[in-house]
Amino acid sequence: PERRAAGAEERLRAAAAALARTKRVPDIGVGLGWRQGRDWGDQTAVAELTVPLTVFNRFEGEIAAADALTAGASAETAAVEVRLERVLFALYQELRHARDEMAAMRDEIVPRSEEALALARKGYAEGFLSQLELIDAQAKLTEVRRERLRAAKTYHQLVAEVERLLGERL
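Reading guide: rules and limits
- Residue numbers run consecutively from 1 along every chain, following the written order of its sequence.
- Since the coordinates come from a predicted model, pLDDT governs what is reported: local features require at least 70, and pairs of side-chain atoms require 80 or more to be given and counted, while whole-chain, interface and lining totals use all residues.
- Water and hydrogen atoms play no part in the side-chain values, which are based on all heavy atoms of the structure.
- Secondary structure is summarised from DSSP: a helix means a run of H or I of at least four residues, a strand means a run of E of at least two, and numbering begins at the N terminus for each.
- Here the radius of gyration uses the C-alpha set of atoms, whereas the globule reference equals 2.2 Å times the residue count to the power 0.38.
- Here the term buried applies to any residue with accessible area under 20% of the maximum for its type, exposed to any over 50%, and partly exposed to those in between, with areas from a 1.4 Å probe on protein chains only.
- Here a residue-residue contact requires only that any non-hydrogen atoms of the pair lie within 4.5 Å.
- Only the protein chains shown count as cover for residues, and all accessible areas are computed by the Shrake-Rupley method using a 1.4 Å probe.
- For the charge count, each Lys or Arg is scored as positive and each Asp or Glu as negative, with His and the chain ends excluded.
- Lys charges are placed at NZ, Arg charges at CZ, Asp charges at CG and Glu charges at CD.
- Counted as a polar contact is a pair of N or O atoms within 3.5 Å, where, for protein atoms, one must be capable of donating a hydrogen and the other of accepting one, and residues adjacent in sequence contribute only when both atoms are in side chains.
- Remark: nonpolar core denotes a set of buried residues (Ala, Val, Leu, Ile, Met, Phe, Trp, Tyr, Cys) joined through side-chain atoms within 4.5 Å.
- Salt bridges, as used here, are contacts in which a Lys or Arg side-chain nitrogen is within 4 Å of a carboxyl oxygen on Asp or Glu.
- Patch members must show over 30% relative accessible area and no salt bridge, and they are joined within 9 Å when carrying like charges or within 5 Å when they are nonpolar side chains of Val, Leu, Ile, Met, Phe, Trp or Tyr.
- Confidence scores here are pLDDT values: one per residue, from the predictor, ranging 0 to 100.
- Here, any two strands with at least 2 DSSP bridges between them count as paired.

A. Structural detail: the overall build of the protein. Of regular secondary structure, the protein possesses 3 helices and 2 strands. For the protein, the N- to C-terminal ordering of α and β elements is α-β-β-α-α. In terms of overall size, the protein is more extended than a compact globule, its C-alpha atoms giving a radius of gyration of 38 Å where 170 residues would be expected to give roughly 15 Å. Judged by the C-alpha coordinates and their principal axes, the protein covers about 130 × 35 × 20 Å. Within the protein, the fraction of its 170 residues that count as buried is 19%. Counted over contacts in the protein with a minimum sequence separation of 6, partners at least 24 positions apart contribute 64%. Roughly 12700 Å² of accessible area belongs to the protein as shown, and the carbon and sulfur atoms make up 58% of that amount. Taking the 26 positively charged and 28 negatively charged side chains of the protein as two groups, their mean positions are separated by 2 Å.

If you want it as structure tokens, here you go:
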């Protein structure tokens, strides 16, 4: 959306420059009419031709200003594109990292923590581990699950930001 807005501004400035160039050519006016005098039989046809004399003012300054604004809008569009590409690349890298972290949490870390808790429960039931060690294993699993949720939240926030920049869904 930012790119489209910058492009619209560039097209607007180009149209203003084209309008300034059209002012360089004088508008010629033509008129035709009929005039009746004071007497009943006194009638006259009137023709009019108007040609403005733009000897001194040929709108050169306005054309130069419009061209400068067009060039500035083009440069701004290019700057927006470069900035958006840089931001999008950085977000993409963060998105890949968040996706990999979320997958690792889901596929490896959480299952291993659940296995560790199951072994701690078995060890507690058989009398090899204390209740404190069992509670510690439960706390570690809770912390790992909390980290998995944090990783998923980060991933989805990054997806939303990329979609906002692109103006469409991934």
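Okay, back to it.
B. Geometry of the side chain of Thr70. In this fold, Thr70 is placed in helix 2 (residues 60–125). Here Thr70 falls in the buried class, since its relative accessible area comes to 17%. Polar contacts involving the side chain of Thr70 include one to the main-chain carbonyl oxygen of Arg13, which spans 2.9 Å.

C. Quick look at the nonpolar core. Core analysis: the largest hydrophobic core is formed by 14 residues, its most contacted members being Leu91, Leu95, Met102, Tyr155 and Leu158. Where this core is concerned, the elements lending two or more residues are helix 2 and helix 3 (131–166). At 7 residues, helix 3 tops the list of elements feeding residues into this core. In this structure, Leu158 is in contact with Leu91, Glu94, Leu95 and Ala98, ignoring residues within four places of it in sequence. Formed by 5 residues, the second largest nonpolar core is a distinct cluster that contains Ala120, Leu134, Ala137 and Leu141.

D. Here's a closer look at the pattern of salt bridges. Enumeration over the complete set of coordinates arrives at 9 salt bridges. In this structure, Arg106 and Asp107 form a salt bridge, with 3.0 Å as the shortest nitrogen-oxygen distance. Its relative accessible area of 48% is what places Asp107 among the partly exposed residues. A salt bridge links Arg145 to Glu114, with the nearest nitrogen and oxygen atoms 2.9 Å apart. Within this pair, whereas Arg145 is found in helix 3, its partner Glu114 is found in helix 2, the two being separated by 31 residues in sequence. When its relative accessible area of 37% is taken as the criterion, Arg145 is described as partly exposed. Classification of Glu114 as partly exposed rests on a relative accessible area of 35%. Each of Glu101, Glu147 and Arg150 takes part in one network of salt bridges that share partners.

E. Inspection of a nonpolar patch on the surface at higher detail. A grouping of Ile28, Val30, Leu49 and Val51 is seen on the molecular surface, where their side chains present a nonpolar patch of about 440 Å² in accessible area. With relative accessibility at 56%, the residue Ile28 sits in the exposed group.

F. Highlighting the confidence of the model for the protein. Per-residue pLDDT for the protein averages 87, and the proportion of residues at 70 or more is 95%. Confidence, read as mean pLDDT per element, is least for helix 1 (residues 2–22) in the protein (82) and greatest for helix 3 (94).

G. A look at the pairing of strand 2 (residues 43–50). Where strand 1 (residues 29–36) lies against strand 2, 8 bridges are found, and the strand directions are antiparallel. If you follow Gln36 over to strand 2, its bridge partner there is Gln43. Hairpin geometry of strand 1 and strand 2 is characterised by an intervening segment of 6 residues between the two adjacent antiparallel strands.

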